[in-house]
Amino acid sequence: MTTPRSASEVASEVAPVAVARVPRRRPRFGRARWVMIAFVAPALAIYLLMVIVPSLQTVQLSFTNWDGISPTYDEVGLQNYTEILASDRFWNAVKNTMILGLGSAVIINVISLVVALMLDRLNHATGFFRTVVYLPALVSAFIMATIWKYLLNYNFGIANSVLRDMGLPGWARDWLGDSGIVIGVLLFIICFTLGGNTTLIYLANLQSVPQELIEAARIDGAGGWKVFWNVTWPMIAGAVTVNMTLAMIAGWVIFDQVLVLTTGGPGFVSETMAFFIYKVGFGEYRAGLGSAAAVVLFLVVIASTVAANAYMRRREIQA
């Protein structure tokens, strides 16, 4: 027969066990975190040296008259900014950038969404057609523009050659030298080149839409358009935000196509803001003025991207 023990004796036996089970507090930065920082540090250092520092230096140079070569320069205050804002050439570049940037963003997203909807309904050879749609995105903008330059050549380009062979020589145009149509031609080429990634993002989101919701809408009597507008469209709101943001950023900094196809011509008709910065800073040896234009472009990109994201995020919440 066991003798009953007091509460103090039981507590004296349990207390050491309870104390032993208290976990030790780990240091805030363990070895694993220091290893992670060591891996990130080289990339961060390169980013700071190659992106952040030159960007800050660009702001400083925008208040000078540096020509890009001389070791010395003078401070000119806001003279570069006032000259830019009073320049018709700069505002023409702004207009072209808005047409090509915003226009390509809208057109690319509409076409990519339609193509993604078609690919989503395919039951055979889906891999082949997805590859065909994505192929243009694998080619650099510089190479694609070079190909189009030969295709649209006035004398031996395939576009004019086909028109002449069809008995329509009057339709043959100097596609890259006619100031009335050159911006439209650039818009077409840009939209043709940049749609692959956008299509795949839409396709991935379409395939993640719950089929139960679509079937429920169809059972309730909704047709194809109503199903898309009331079920599919709200479900891919996040993809629309991402694609519109990426397309707008790419549109604001269009450069390769203009450099290869028109070099800003005829005259200054097809210059964009990015090409204006390059031409003024490196072609005309006015690095100070080019730096000021680069700062303006940076502010425009930031403002437009933030505004567009705020609007589309509200749409996501409402959806």
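1. Section: the side chain of Glu271
Reasoning step 1: Tracing the chain through its elements places Glu271 in the loop between α13 (256-261) and α14 (273-283).
Reasoning step 2: Glu271 has contacts with Arg89, Asn92, Ala93, Asn96, Gly264, Phe276 and Lys279, leaving out every residue within four places of it along the chain.

2. As for the packing of helix α10 (residues 211-219) against helix α11 (residues 224-235)
Reasoning step 1: Axis separation between α10 and α11 bottoms out at 10 Å; the angle between their running directions is 165°. Overall, the two elements α10 and α11 adopt an arrangement that is roughly antiparallel. The interaxial crossing formed by α10 with α11 has right-handed handedness. Residue-level inspection shows Leu213, Ile214, Ala217 and Arg218 of α10 in contact with α11, the latter providing Val227, Val231, Thr232 and Met235.
Reasoning step 2: Across the contact of α10 with α11, the residue classes tally to six nonpolar, one polar and one charged.

3. Section: the nonpolar core
Reasoning step 1: Counting 38 residues, the largest nonpolar core has Ile84, Phe90, Tyr202, Ile236, Met273 and Phe276 as the members making the most contacts within it.
Reasoning step 2: When residues of this core are traced back to their parent elements, those giving at least two are α3 (79-85), α4 (88-120), α9 (195-206), α10, α11, α12 (237-252), α14 and α15 (287-318).
Reasoning step 3: Counting residues per element, this core draws most heavily on α15, which supplies nine residues.
Reasoning step 4: Setting aside anything within four residues of it in sequence, one finds Tyr202 in contact with Asn109, Ser112, Leu113, Ala116, Ile236, Ala239, Val240 and Asn243.
Reasoning step 5: Ranked by size, the runner-up nonpolar core spans 22 residues in total, among them Ile108, Val185, Ile189 and Ala274.

4. As for the environment of Gly177
Reasoning step 1: Here Gly177 lies in the loop between α7 (158-165) and α8 (182-193).
Reasoning step 2: Gly177 sits 84 residues away from Leu261 along the chain, and the two C-alpha atoms are 9.4 Å apart.

5. Digging into α8
Reasoning step 1: With 12 residues, α8 extends 17 Å from end C-alpha to end C-alpha; this agrees with the ideal 16 Å at 1.5 Å per step.
Reasoning step 2: The buried count for α8 comes to nine of 12 residues, which makes it a mostly enclosed element.
Reasoning step 3: Listing the buried residues of α8 in full gives Val182, Ile183, Val185, Leu186, Leu187, Ile189, Ile190, Cys191 and Thr193.
Reasoning step 4: Contacts from the buried residues of α8 go to α4, α5 (126-138), α6 (141-151), α9 and α13.

6. Notes on the confidence of the model for the protein chain
Reasoning step 1: Of the residues in the protein chain, 89% have a pLDDT of 70 or more, and the chain-wide mean is 83.
Reasoning step 2: Element-level pLDDT for the protein chain is lowest in helix α1 (residues 7-20), with a mean of 51, against a maximum mean of 91 in α3.

7. Some thoughts on the packing of aromatic side chains
Reasoning step 1: Tallied over the full model, the rule gives 15 aromatic pairs.
Reasoning step 2: When the ring of Trp229 is compared with that of Trp233, the centres are 6.1 Å apart and the planes differ by 5°; the resulting orientation is stacked. Taken together, the residues Trp229 and Trp233, both in helix α11 and four residues apart, mark about one turn of the helix.
Reasoning step 3: Plain terms: the ring middles of Phe255 and Tyr278 are 5.2 Å apart, the flat faces sit at 75° to each other, and that makes the pair edge-to-face. Taken together, the residues span a long stretch of sequence, with Phe255 in the loop between α12 and α13 and Tyr278 in helix α14 at a distance of 23 residues.

8. A short note on unusual backbone geometry
Reasoning step 1: Cis geometry is adopted by the peptide bond preceding Pro266, which originates at Gly265 and carries an omega value of -5°.
Reasoning step 2: With respect to the element layout, Pro266 can be found in the loop between α13 and α14.
Reasoning step 3: A positive phi is found at Thr263, a non-glycine position, where the angle reads about 50°.
Reasoning step 4: For Tyr285, which is not a glycine, the phi torsion comes out positive at approximately 55°.
Reasoning step 5: The residue Tyr285 is located in the loop between α14 and α15 in this model.

9. Overview of the pattern of salt bridges
In a structure, side chains of opposite charge can pair up when their charged atoms sit close to one another.
Reasoning step 1: This structure, assessed with the given rule, holds five salt bridges.
Reasoning step 2: The closest approach of N and O atoms between Glu271 and Arg89, which form a salt bridge, is 2.9 Å. With Glu271 in the loop between α13 and α14 and Arg89 in helix α4, this residue pair connects regions lying 182 residues apart in the sequence.
Reasoning step 3: Through salt bridges with shared partners, a single ionic network connects Arg89, Glu271 and Glu284.

What counts and what doesn't
- Residues numbered from 1 in each chain as written.
- Predicted model: local features only at pLDDT ≥ 70, side-chain atom pairs only at ≥ 80, totals over all residues.
- Heavy atoms only, no water.
- Helix = DSSP H or I, 4+ residues; strand = E, 2+ residues; numbered from the N terminus.
- Contact = heavy atoms within 4.5 Å.
- Axes fitted to C-alpha atoms, helices over the stretch in contact; angles between N-to-C directions.
- Parallel < 35°, antiparallel > 145°, perpendicular 65-115°, else oblique.
- Left-handed = near helix turned anticlockwise from the far one by under 90°.
- Nonpolar A, V, L, I, M, F, W, Y, C, P; charged D, E, K, R; others polar.
- Core = buried A, V, L, I, M, F, W, Y, C linked by side-chain atoms within 4.5 Å.
- Buried < 20%, exposed > 50% of the residue type's maximum accessible area, 1.4 Å probe, protein only.
- Expected span 1.5 Å × (residues − 1).
- pLDDT = per-residue confidence, 0-100.
- Phe/Tyr/Trp six-rings, centres within 6.5 Å; stacked < 30°, edge-to-face > 60°.
- Salt bridge = Lys/Arg side-chain N within 4 Å of Asp/Glu carboxyl O.

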